[in-house]
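Here are the chains, one letter per residue:
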Amino acid sequence: MKFRADEITSVLQREIEQFDSEVTRTEVGRVLEVGDGIARVHGLSGVMTGEMVSFPNGVKGLAFNLEEASVGVIILGDYTSIHEGETVTAMGELLRVPVGEALVGRVVNPLGEPIDNRGPLVTPHSRLVESTAPGIAGRQPVDEPMQTGIKAIDAMTPIGRGQRQLIIGDRKTGKTAIAIDAILNQKGTGVICVYVAIAQKESTTAALVEVLRKNGAMDYTIVVAAGASDPASLQYLAPYAGTAMAEYFMYEKGGATLCVYDDLSKQAVAYRELSLLLRRPPGREAYPGDVFYAHSRLLERSAKLANKYVIVPDHAPVDKEDVTESWGVNGKVYLGVPGEEEAKHDLKESFPTGHKIAKTTTSGGSLTALPLIETLEGEVSAYIPTNVISITDGQIYLQPDLFFAGVRPAVDVGISVSRVGGKAQTGAMKKVAGGLRLDLAAFRELEAFAQLGTELDKATQQQLDRGYRMVELLKQPQYQPLNFADQVMSLYAGTEGYLDEVPVKEVPRFEQEFLRFIAVEKSSLRDQLIKEKKMSDPVVAGLKAALTEFKARFRSTTKAATSALAGAGA
Amino acid sequence: MSTTAPDVTETVFDDKSLQVARSYAEAIVNVAAKSNEVESIVGELEEIDRDLRVLDRRLYSYLGSTSVPAESKAKVLEEGLGGRASATVVRFLQVLNAHGRLGLLQAVSSEARAIWDRKQNRKPVTIQSAVELDDSQKAAIHDKVARMIGATPILSYQVDPSLIGGLVIQVGDDLYDASIRTKLRLMRSRLIAGQARAMVDTQL
């Protein structure tokens, strides 16, 4: 970084020359008491709830409780240097955070101030931290996949863009790992990711940022961090701030975004702390009555926004330039799925030739949320887990038993669901993974039965063997998300029985080598699958041929091991 | 209901007792209004409160204490104020005492003043300046402020050299700041913001 002193001087000179100030009118109050990150203020009679206030030491606060004689303020920063009797100034606006492209690749606190030692953040855009969620007309059904790159999830609990999928499990079961893999898998897809770290150890967050950076994910990721040592107020605000940063890309750019809230249990605890200090009445588990609303209004902001369509002439450069609403030849903008129908009708009626329908560039953005919830001893019927389960569109359960048995990601397929993601799954994946969930559930039952040592008939034994191999196939190492085509080909090999003669322990190696074989020797097949996104006849035929060819080769290298281990089960 | 001795230290403001104090203040203002002597009675209350707090803190905490029986305090009030204060004020203090609210005297008197000021369309206004203002300046300010707030201002002046220059006028919760200190602060923050932009510009 080089600065030219004369440039800086001229900038300063210009600023001073243009400096013009009038009498400022502000609303003030005085601190009655302060402590534990909370201040009670007398005065500020016209302050709005959620309005920013400023203390003489420069720390900002948020008017939270408006009472008859005083205002309860949560302090967003160091409260130890605020004294009784000091003047508090209302700032006249609700809490906002800077947003925009400048934040991508940065680590910021919930106020949008950079904390990564990489210089100031300059952006002309800002958004309200608390904003209302889009309404019914502004949305459209979830129909695009948000690939996590994790076989077990993309196959059985698929996530769509705009969906809210909960990741729930005990501590140390790999919740963050799934979210991080999902972020890593967005590389090259244009999806902007926001990772919100709430009340985590600074060392953990630092390590995580390093992982993202090493894998090139910081090029499209914003990290919002409120550490364990930050005030509860910042921990409470972090998810809302992160969402506001993602919303910029959803609303203004029509982009797809992914927000990870890691984790909402800690945010609920921070909110409980604030509420109790502000003397709001405690409810179940001492959480305030509106803790449900705290989470529902946050997750409601995830959305798949409706596409907007305009009718444009055939020669319009829709691929090269941004399509805006003013392009419409009849001045009409068609909103969402019903709008598209109407546009088709209008096109047929009024513009029989020379025109087409185009989607405006800034419409149709999405915000996918991956909230995390930590349970205690698998207790999902505690207050916060039940709340968030009921708000989200599905959940991924992680089980410690599976985790320690080496099944990683430790997804419990039986109770993990995705309520809307199925519609967003690609045709190919749907075909391959259609029966997988039920098969695996049946396998789990059989497995328990088989442990009794009963004599099994051949068909049952075969089902068991297939199950062991599928479980093995669904294991996936951390930080190695797979492209959907690779996932489809792997799963196809498993469900179609190509792995049946491969020893269970050899399955990962088989998969790895098979995918390398495809990438090197059959890349056209892979490209075709990526392009078509469905199991068309030529793709299936090609895949079958490739598998047969590869299997012959694979077997020849491990003949001895195969005969010794075949059918041995686990 | 608090049973501890009321706080008579210089705290900003005890908002918990405000509600109670307001009821008593309204009552005394209404009583005084009947005999048209609100101004003098409110003045007397303020004077008693000030005298007690400034001149005789021990008597003040004695009167405010809930562990002293009301009868003995009543006697002190009767003997101490009888004849010297107006009968209405003494009666009012006796009522406060009978209800165990003598500790609220400060809140009641300031609340009574606020209620009376509001009824008279008067507003307390604080003027801060860097240097002592002379009389012509004060008169000019009085006229300006009166026109600005549409009420009779009750001005109180404070000198604060840290303002450097200019004036700061506070009416209720509204603060009109035309001080050099604030202008410099504003300029500083704008320069920092401008500099950050310039730094990023040169980087690009």
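Everything discussed here concerns the structure shown above.
Below is a short write-up of the structure. (Residues numbered from 1 in each chain as written. Chains lettered and ligands numbered in written order. Predicted model: local features only at pLDDT ≥ 70, side-chain atom pairs only at ≥ 80, totals over all residues.)

**Topic: the overall build of chain A**
Tallying secondary structure elements over chain A gives 18 helices and 20 strands in all. Considering only C-alpha atoms, chain A reaches an extent of 90 × 65 × 50 Å along its principal axes. Looking at chain A as a whole, 45% of its 570 residues are labelled buried. In chain A, 74% of the contacts between residues at least 6 apart in sequence involve partners at least 24 apart. (Helix = DSSP H or I, 4+ residues; strand = E, 2+ residues; numbered from the N terminus. Buried ≥ 20, exposed ≤ 12 C-beta atoms within 10 Å, placed from the backbone. Contact = placed C-beta atoms within 7 Å.)

**Focus: the pairing of strand β13 (residues 256-262) of chain A**
The buried count for β13(A) comes to seven of seven residues, which makes it a mostly enclosed element. The two faces of β13(A) match: A:Ala256, A:Leu258, A:Val260 and A:Asp262 on one face and A:Thr257, A:Cys259 and A:Tyr261 on the other face are all buried.

**Notes on the sheet that holds strand β17 (residues 355-359) of chain A**
Residue and element names in this part refer to chain A. Strand order across the open sheet formed by three strands is β16-β15-β17, with antiparallel pairing between neighbours. With partners counted over all chains shown, the strands left at the sheet margins are β16 (334-335) and β17, one partner each. Across two bridges, the pairing between strand β15 (residues 308-313) and β16 is antiparallel. Across the sheet, the residue bridging to Tyr309 is Tyr334, located in β16. (Pairing = 2+ DSSP bridges.)

**Considerations on helix α7 (residues 135-149) of chain B**
Spanning 15 residues, α7(B) covers 21 Å between terminal C-alpha atoms, matching the ideal 21 Å at 1.5 Å per step. The positive-phi residue at the C-terminal boundary of α7(B) is B:Gly150, with phi of around 65°. (Expected span 1.5 Å × (residues − 1).)

**Description of the environment of A:Lys458**
Residues and elements named next belong to chain A. You can see Lys458 is positioned in helix α13 (residues 458-474). We classify Lys458 as exposed; it has 7 C-beta atoms within 10 Å. A C-alpha to C-alpha distance of 63 Å links Lys458 and Asp314, two positions 144 residues apart in sequence.

**Topic: the interface of chain A and chain B**
At the junction of the two partners, chain A supplies 31 residues and chain B supplies 26 residues. Going through the elements one at a time, α1 (5-18), β1 (24-35) and β2 (38-43) of chain A are the ones with two or more residues in the side of chain A that touches chain B. Counting residues per element, the side of chain A that touches chain B draws most heavily on β1(A), which supplies eight residues. Its residues assigned to classes, the side of chain A that touches chain B shows 13 nonpolar, eleven polar and seven charged. Bridge count for β1(A) against strand β4 (residues 174-179) of chain B is four bridges, and the pairing is antiparallel. Within β4(B), the residue paired with A:Thr24 across the bridge is B:Asp177. (Nonpolar A, V, L, I, M, F, W, Y, C, P; charged D, E, K, R; others polar.)

**Points about the nonpolar core**
Grouped together as the largest cluster of nonpolar side chains are 141 residues, with contacts concentrated most on A:Val73, A:Ile183, A:Val196, A:Val224, A:Met245, A:Cys259 and A:Val488. With 14 residues, helix α5 (residues 232-253) of chain A is the largest single contributor of residues to this core. Among residues more than four places away in sequence, those in contact with A:Val488 are A:Ala428, A:Met429, A:Val432 and A:Leu529. Counting residues in each nonpolar core, the second largest holds 26 residues, with B:Leu45, B:Phe92, B:Leu104 and B:Val108 among its members. (Core = buried A, V, L, I, M, F, W, Y, C linked by C-beta atoms within 7 Å.)

Remember, this is a structural readout, not a statement about activity or role.
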